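Each chain, written out:
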Amino acid sequence: AEASRKMEAQVEQHMKQKNLKVLLVASISENEGKSTVAANLALALAEKHKKVLLVDSDLHKPALYKIFSRKQQGHHSLDEILKGEINWRDALITERKHALYSLLQFRPVADPAKVTDLPRLEELIRTWREEMDYVIIDSSPIAVSTNAELWMQLADTALLVIRQDWSDVRVINDAVDLIWQSGIDFSGFVLNAFQSEWTQPQ
């Protein structure tokens, strides 16, 4: 909890200084902990009475609904919004304890590219930007899907979650280059599941 609050404070300060509202939380590969980081960051911001929207854009392998123990009963998935079948407000899930709102994905989508339309995404992001203090987007892993690159075009800044001994450093460097080439800001790295002896003074 302390690490999450520290991370949130640093990310919020970075975004405030640069007047940024839309944050993409990405990773290189699956199982690096990006969804947990995105959820903790959104909750920490909401606890400070910020109006936060958390979006699970990982259509290939959604995870946020598991973190929040949500089942599909009575809820719509993000892909229905992206296909224009429903209004995003009809799929909005509200955490009553905090000002946290979420749009979740409850099932894998075989071909995410078929349901992601750039003009529709641009319109959604524009609306969310107007109505929310912060928008946190949990993206698909960069090495797994090109869908992350599409959302990257619309975010203000990106945060890269790196798990120890999980991805090759050259691939990590390529991902950072991709973020810079997209023209958005880079908030930095979250080092996840690192051994304590690496950070202890010798």
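Before any of the text, the structure's been laid out above.
Residues numbered from 1 in each chain as written. Predicted model: local features only at pLDDT ≥ 70, side-chain atom pairs only at ≥ 80, totals over all residues. Heavy atoms only, no water.

K.L.:
Please clarify how the packing of helix α1 (residues 2-17) against helix α2 (residues 34-47) should be interpreted in this entry.
P.N.:
The axes of two packed helices give the description: the angle between them and the distance between them. Between α1 and α2, the shortest axis-to-axis distance is 9 Å and the interhelical angle comes to 75°. Considering their axes alone, α1 and α2 lie roughly perpendicular with respect to each other. Facing α1, whose interface residues are S4, M7, E8, V11 and E12, α2 presents V37, N40, L41, A44 and L45. Split into classes, the residues belonging to the contact of α1 with α2 amount to six nonpolar, two polar and two charged. (Axes fitted to C-alpha atoms, helices over the stretch in contact; angles between N-to-C directions. Helix = DSSP H or I, 4+ residues; strand = E, 2+ residues; numbered from the N terminus. Parallel < 35°, antiparallel > 145°, perpendicular 65-115°, else oblique. Contact = heavy atoms within 4.5 Å. Nonpolar A, V, L, I, M, F, W, Y, C, P; charged D, E, K, R; others polar.)

K.L.:
I keep staring at the side chain of S27 and nothing clicks. Help me out?
P.N.:
The residue S27 is located in strand β1 (residues 22-27) in this model. Judged by its relative accessible area of 0%, S27 falls in the buried class. One polar contact links the side chain of S27 to the main-chain carbonyl oxygen of S29, over a distance of 2.8 Å. With sequence-adjacent residues up to four places away left out, S27 is seen in contact with E32, K34, P141, I142, L160 and V161. (Buried < 20%, exposed > 50% of the residue type's maximum accessible area, 1.4 Å probe, protein only. Polar contact = N/O pair within 3.5 Å; in protein donor to acceptor, adjacent residues only side chain to side chain.)

K.L.:
What exactly am I supposed to notice about the pairing of β1 here?
P.N.:
Where a strand is regular, its side chains alternate between the two sheet faces. Summarising burial for β1: six of the six residues are buried, a large majority. Of the two faces of β1, the one carrying V22, L24 and A26 and the one carrying L23, V25 and S27 are both buried. Sheet analysis places β1 next to strand β5 (residues 134-138), joined by four bridges and oriented parallel. Bridge pairing in β5 places L24 opposite I137. (Pairing = 2+ DSSP bridges.)

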